[in-house]
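Working through the structure, step by step
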Amino acid sequence: MSSTKMILGLFDDPDEMMHGIDQLQKNSVPIYDVYTPMPIHGIEAKLGIKDSRLGYAAFCFGCLGGSVIFSIVYYTLVHDWPMNIGGKPNFPMPNFVPFTFEWTILWTAFGMVATFFFATHLFPGRAPRVMDLRATDDRFVIAIDAKGNVPHEDITRILQDAGAVEIKHNDRKYVSYE
Amino acid sequence: MKTEYSFNERFEFAGKAKTWSLIAIAIGIIGLIIGFLDKSEGGMQRTFNDLLLGGYYFVCVCICGVFFMAYQYAAQSGWSVSFLRIPQAFAKVLPIAAVVFIIIVTAGLFTKHEIVEEGKKVMAPYLYAHWATPGLTDPKSENYDAIIAGKSAFLNIPFFYGVVVILLALYALFGRMLVKYSENEDELGGMLNYNKSFKAALIFLVVFGFTYPVFAFDAIMSVEAHWFSTMFGWYNLAALHVAGLAVITLTVLLLHQSGYLGWVNENHIHDLAKSMFAFSIFWTYVWFAQFFLIWYANLPEESVYFYHRWQPEYKWWFWLNIVLNFVSPLLLLMSRDSKRYYARVKFTCVVLIIGHWLDYYLMIMPGTMPERNSYIPFGIQDVLIFVGFAGLFTFLMLQALSKFKSLIPSKHPFVQESLHHHI
């Protein structure tokens, strides 16, 4: 039993990597993920990645932020201690617009960042999980889960034929920056 | 994806588009005749207001063509190249729109009628009566108005003409330069004309940003000359931009669906719809900032503007304005998919075009119509004259578009980027 956990195909050219994805898909090899130094147009469609759900999180955080500040100001300025400010009504709707708007945006922004950190296992001070360090520099990496995808030699050959400059059989899923 | 297109295809202006735009112009002329024969109180005033509204809207949409082109060049953006001929056609119509606008304001300034103002009979012009009525700035006259006299350095007829003529000529000149460079580029290729366009666009944006508020103050805000708002220029700039983007998007979509601009795809429409969405929010932001400051400070000379618009006959339209121009794009264009769905985008364009007509309507009408008549806020000529201006714009714009040798600036350095635009 091989101890290989991930097979990585490293390419130095994005077009060759796209070709590699095609070749793997033609041979019904499931791709775990692809890591590239820069965004590549059309790759989500090719890999069949679902649309991001970050927008829903943003919407929920926005609603939450808006209702929190609205409740606080409503409680303090309308319910608990109404004040006469410039002869305006005690519940002046136009006054409520700016801070509701600002808090909605603030919570949307913070909430999206928090959601993104949560979803990608990233936090300040935490070593990011990467499979190959050069994927952040000049290598385009296709990762294949080695478990169940046998024989490994065939996958290696497909990647080689597609133009991979290096193929790694890693025993650990991630290498970290330590 | 198809990447080979014939760039030599020209737009042929014929058939249904021509017939319908001519019919719309005829409807507008009928509206004018009905309006000028309208003997009811304020009927004539209403007709002149409609002409001012139509002329201003017409000029603004054409200016937006130049503005759009200029900021695309200034940002060195590639995605818009595939339909850049549409704003270029708008820019080509700007000189005619400017002449139409100047004829309308001239007619309005020099056609006078007798009105009773605070118990005194005065001969007031139909347009800009608040400052252009004779005697307002003369201390010996019984019409003397100290507020207007204090503003007379800005609000006088020679200065008014100076502002309107010089600014419109300047915008039209920059529009012409940008179109000319683009046509030369098609002949010669190379980067020379692109670099010239870039420079011209930067100069235009600086000039436009500083001068457009002055144009808006003179053309529309001075209709109610006792009132003022420093937000008004930006508010009008936002309205101009949203309305112009809606017309550009609608034109691109209709041309695409009638077989032209085959290279335009949902990615271009997505970006256009995104701009419409974003600038509708910006319009609301500026609208609310103006409203909020005036409501909060509650200074009589400022809040009188909104007092007029909160009369029972305008209050519904006042709120409908927000529904059409803020709530509808917000709900209709929020999601990604809806921006890529042509029918939805087209519907939103129409809503925004009508919405900004209402927006301009509420800037002009409540302050100028006689109070007693105003329980009927709309007249038949309002609609007919607007249809006429829409027809005139469509006719002239498509005529200008058919003069281009190709529907795409085929030697623009970013043309391939635009064809492969993907978001």
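Residues numbered from 1 in each chain as written. Chains lettered and ligands numbered in written order. Predicted model: local features only at pLDDT ≥ 70, side-chain atom pairs only at ≥ 80, totals over all residues.

1. Topic: the sheet that holds strand β1 (residues 6-11) of chain A
All names here are of chain A. A sheet is described by the order of its strands in space; here four strands give the open sequence β2-β3-β1-β4, paired in antiparallel fashion. Each of the sheet's edge strands pairs with one partner strand only, and the pair in question is β2 (33-35) and β4 (166-170). Shown here is a sheet whose adjacent strand axes are inclined to one another by a mean of 20°, direction ignored. Taken together, the five bridges between β1 and β4 define a ladder with antiparallel strand orientation. Within β4, the position partnered with Leu 8 by the bridge is Lys 168. (Pairing = 2+ DSSP bridges. Helix = DSSP H or I, 4+ residues; strand = E, 2+ residues; numbered from the N terminus. Axes fitted to C-alpha atoms, helices over the stretch in contact; angles between N-to-C directions.)

2. A few points about unusual backbone geometry
If you check the backbone angles, Ser 28 of chain A has positive phi at about 55° while not being a glycine. Although it is not a glycine, Gln 76 of chain B sits at a positive phi angle of roughly 50°. Here Gln 76 of chain B is to be found in the loop between α2 (43-74) and α3 (85-110). Judged by local crowding, Gln 76 of chain B falls into the exposed class, with 11 C-beta atoms found within 10 Å. (Buried ≥ 20, exposed ≤ 12 C-beta atoms within 10 Å, placed from the backbone.)

3. As for the UniProt feature "transmembrane region" (unreviewed entry) in chain A
Following the UniProt record, one finds the feature "transmembrane region" (unreviewed entry) at residues 54-76 and 96-119 of chain A. Taken end to end, residues 54-76 of chain A is 100% helix and 0% strand, and its two terminal C-alpha atoms sit 33 Å from one another. (UniProt positions renumbered as here; feature names shortened; annotations may be inferred.)

4. Comments concerning the packing of helix α9 (residues 266-297) of chain B against helix α11 (residues 312-333) of chain B
Residues and elements named next belong to chain B. In the contact formed by α9 and α11, the axes pass within 9 Å of each other and the chain directions differ by 145°. By crossing handedness, the relation of α9 to α11 is classed as left-handed. From α9, Ala 273, Met 276, Phe 277, Ser 280, Trp 283 and Thr 284 reach across to α11, where they touch Asn 325, Phe 326, Pro 329 and Leu 333. Partitioned by chemical class, the residues of the contact of α9 with α11 number seven nonpolar, three polar and no charged. (Left-handed = near helix turned anticlockwise from the far one by under 90°. Contact = placed C-beta atoms within 7 Å. Nonpolar A, V, L, I, M, F, W, Y, C, P; charged D, E, K, R; others polar.)

5. Remarks on the environment of Asn 95 of chain A
In this fold, Asn 95 of chain A is placed in helix α4 (residues 93-120). It is 14 Å that separates the C-alpha atoms of Asn 95 of chain A and Ile 72 of chain A, two residues lying 23 residues apart in sequence.

6. Describing the interface of chain B and chain A
Interface size, as often reported, equals the accessible area lost upon joining of the parts. With four residues of chain B at the contact, the number on the chain A side is four residues. In terms of residue class, the side of chain B that touches chain A is built from three nonpolar, one polar and no charged.

7. Details of the domain arrangement of chain A
What the domain assignment reports for chain A is domain 1 (6-50 + 129-170) and domain 2 (54-120). For domain 1 of chain A and domain 2 of chain A, the distance between their C-alpha centroids amounts to 45 Å. (Domains from an automatic or database assignment.)

8. Structural notes on the confidence of the model for chain B
Mean pLDDT over chain B: 91, with 98% of residues reaching 70 or higher. Here the complex is predicted with pTM 0.89, and the ipTM for its interfaces comes to 0.79. (pLDDT = per-residue confidence, 0-100.)

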